[in-house]
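So the chains spell out like this:
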Amino acid sequence: MSPSYLPGEPVLKSISFEVRPGEKLALVGHTGSGKSTIIQLLLRLRDPDSGQILVNGTDIRAFDLNEYRRRFAIVMPDCFLFQGTVRENITLDDPEVTDEDLDDAARCVHVDKLVARYPEGYNHLVGERGQSLSSGERQLVSFARAVAHRPDVLVLDEATANVDADTEFLIQDAVESMMKRQTSVVIAHRLSTIQNADRIIVLHRGDILEEGSHDELIRAGGHYATLHRLQYREAS
């Protein structure tokens, strides 16, 4: 995969990796390392100038674009909630999302604790851009939205970056619960959220610098271990 923002200057360099069904894969690296570009390519927001992305041996450019993207759910750091109820923000009025799906998703990411505070439950109005909720609560609702639609692949793009302290523990636990359910690709700034990932790919200037589990990378004492040590110091 090698897209370019400027002619002759590829963002990714000879990158090749496989994501197995049900695997929890994390992408780690400094700003500009290529993490977001990989997500853009995966979702076909960009197409590569060279190389290809295959799903079960088929180039993703061969699939119908809308049908292909329906297989994914993505959660960003700045989630968008519209004026409406908690239910509407989770189901998006999709008739295929049943009440059972809604309840299951809410339990998975702790939104059930949130709606239990309101007399209206799921019919509580959240206001424009979810202004009646904290940043962490808005993120929990966006997590529930992703789970309720039962994607084949869950993409978390720095989904824990802008989280208030009151809901940080719930957010981290929700991420763990979500990643257990289906194939997951996670861009992580807080390394604490991806320690249980099956595999972590460390990117640097468009190349894969290191690859392995959290424990393997810590033992290797390389770039990932340095990042982890620095974050641990900041947290303490």
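Our subject in this report is the structure included herewith. Everything numeric here is computed off the predicted structure, so don't read it as measured data. (Residues numbered from 1 in each chain as written. Predicted model: local features only at pLDDT ≥ 70, side-chain atom pairs only at ≥ 80, totals over all residues. Heavy atoms only, no water.)

## Regarding the overall build of the protein chain
Within the protein chain one finds 9 helices and 10 strands. Relative to the globule expectation of 18 Å for 236 residues, the C-alpha radius of gyration of the protein chain, 18 Å, shows essentially globular dimensions. Here the C-alpha coordinates of the protein chain stretch approximately 55 × 50 × 30 Å along the principal axes. The proportion of buried residues among the 236 residues of the protein chain is 48%. Counting only contacts in the protein chain whose residues sit at least 6 apart along the sequence, the fraction spanning at least 24 positions is 68%. For the protein chain, the accessible area works out to roughly 12,300 Å², and carbon and sulfur atoms hold 47% of it. Of the charged side chains in the protein chain, 26 are positive and 37 negative; the average position of the first set lies 4 Å away from that of the second. (Helix = DSSP H or I, 4+ residues; strand = E, 2+ residues; numbered from the N terminus. Rg over C-alpha atoms; globule rule 2.2 N^0.38 Å. Buried < 20%, exposed > 50% of the residue type's maximum accessible area, 1.4 Å probe, protein only. Contact = heavy atoms within 4.5 Å. Areas by Shrake-Rupley, 256 points an atom, 1.4 Å probe, with all protein chains shown as cover. Lys, Arg positive; Asp, Glu negative; His and termini not counted. Charge placed at Lys NZ, Arg CZ, Asp CG, Glu CD.)

## What about the sheet that holds strand β3 (residues 24-28)?
Spatially, β6-β7-β8-β3-β9-β10 is the arrangement adopted by the 6 strands of the open sheet, whose pairing is mixed. The strands lining the two open edges of the sheet, one partner per strand, are β6 (72-75) and β10 (207-212). Shown here is a sheet whose adjacent strand axes are inclined to one another by a mean of 15°, direction ignored. Taken together, the 5 bridges between strand β7 (residues 153-157) and strand β8 (residues 183-187) define a ladder with parallel strand orientation. Among the inter-strand pairings, Leu 154 is bridged to a residue of β8, identified as Ser 184. Against the sheet, helix α1 (residues 35-42) engages β3, β6, β7, β8 and β9 (199-204), with an angle of about 145° to β8. Where helix α6 (residues 135-148) meets the sheet, it contacts β6 and β7, and its direction lies at approximately 175° from that of β6. (Pairing = 2+ DSSP bridges. Axes fitted to C-alpha atoms, helices over the stretch in contact; angles between N-to-C directions.)

## Looking at the packing of α6 against helix α7 (residues 168-179)
Taken N-terminus to C-terminus, the directions of α6 and α7 make an angle of 10°; their axes are 10 Å apart at the nearest point. Looking at the two axes, α6 sits roughly parallel to α7. For the pair formed by α6 and α7, the contact residues are Gly 136, Gln 139, Leu 140, Phe 143, Ala 146 and Val 147 on the first element and Leu 170, Ile 171, Ala 174, Val 175 and Met 178 on the second. In the contact of α6 with α7, the residues fall into 9 nonpolar, 2 polar and no charged. (Parallel < 35°, antiparallel > 145°, perpendicular 65-115°, else oblique. Nonpolar A, V, L, I, M, F, W, Y, C, P; charged D, E, K, R; others polar.)

## Thoughts on the nonpolar core
In terms of nonpolar packing, the biggest core is built from 45 residues, with Val 109, Val 111, Phe 143, Leu 156, Met 178, Ile 194 and Ile 200 touching the most fellow members. If one sorts the elements of this core by residue count, α6 sits on top with 7 residues. Not counting residues within four places of it along the chain, the set of residues in contact with Ile 200 comprises Ala 26, Val 28, Ile 194, Glu 210, Glu 211, Gly 212, Ser 213, His 214, Leu 217 and Tyr 224. (Core = buried A, V, L, I, M, F, W, Y, C linked by side-chain atoms within 4.5 Å.)

## Section: unusual backbone geometry
Even without glycine at this site, Arg 44 takes up a positive phi of about 60°. Along the polypeptide, Arg 44 turns up in the loop between α1 and β4 (54-55). One non-glycine residue, Arg 150, lies in the positive phi region at around 45°. Summarising the element assignment, Arg 150 is placed in the loop between α6 and β7. For Arg 150, a relative accessible area of 52% gives the class exposed.

## Concerning empty space enclosed by the protein
Under the criterion given, the structure shown has 1 cavity of 30 Å³ or more. By volume, the largest cavity is sized at about 50 Å³. In terms of lining, the largest cavity is formed by Leu 156, Glu 158, Ala 159, Thr 160, Val 175, Val 186, Ile 187, Ala 188 and Thr 193. Per-class residue counts for the lining of the largest cavity are 6 nonpolar, 2 polar and 1 charged. (1 Å grid on protein atoms, 1.4 Å probe; cavity = no way out; pocket = protein on both sides within 12 Å on 5 of 7 lines; lining within 4 Å. Points joined across faces, edges and corners; volume = space filled by probe spheres on them.)

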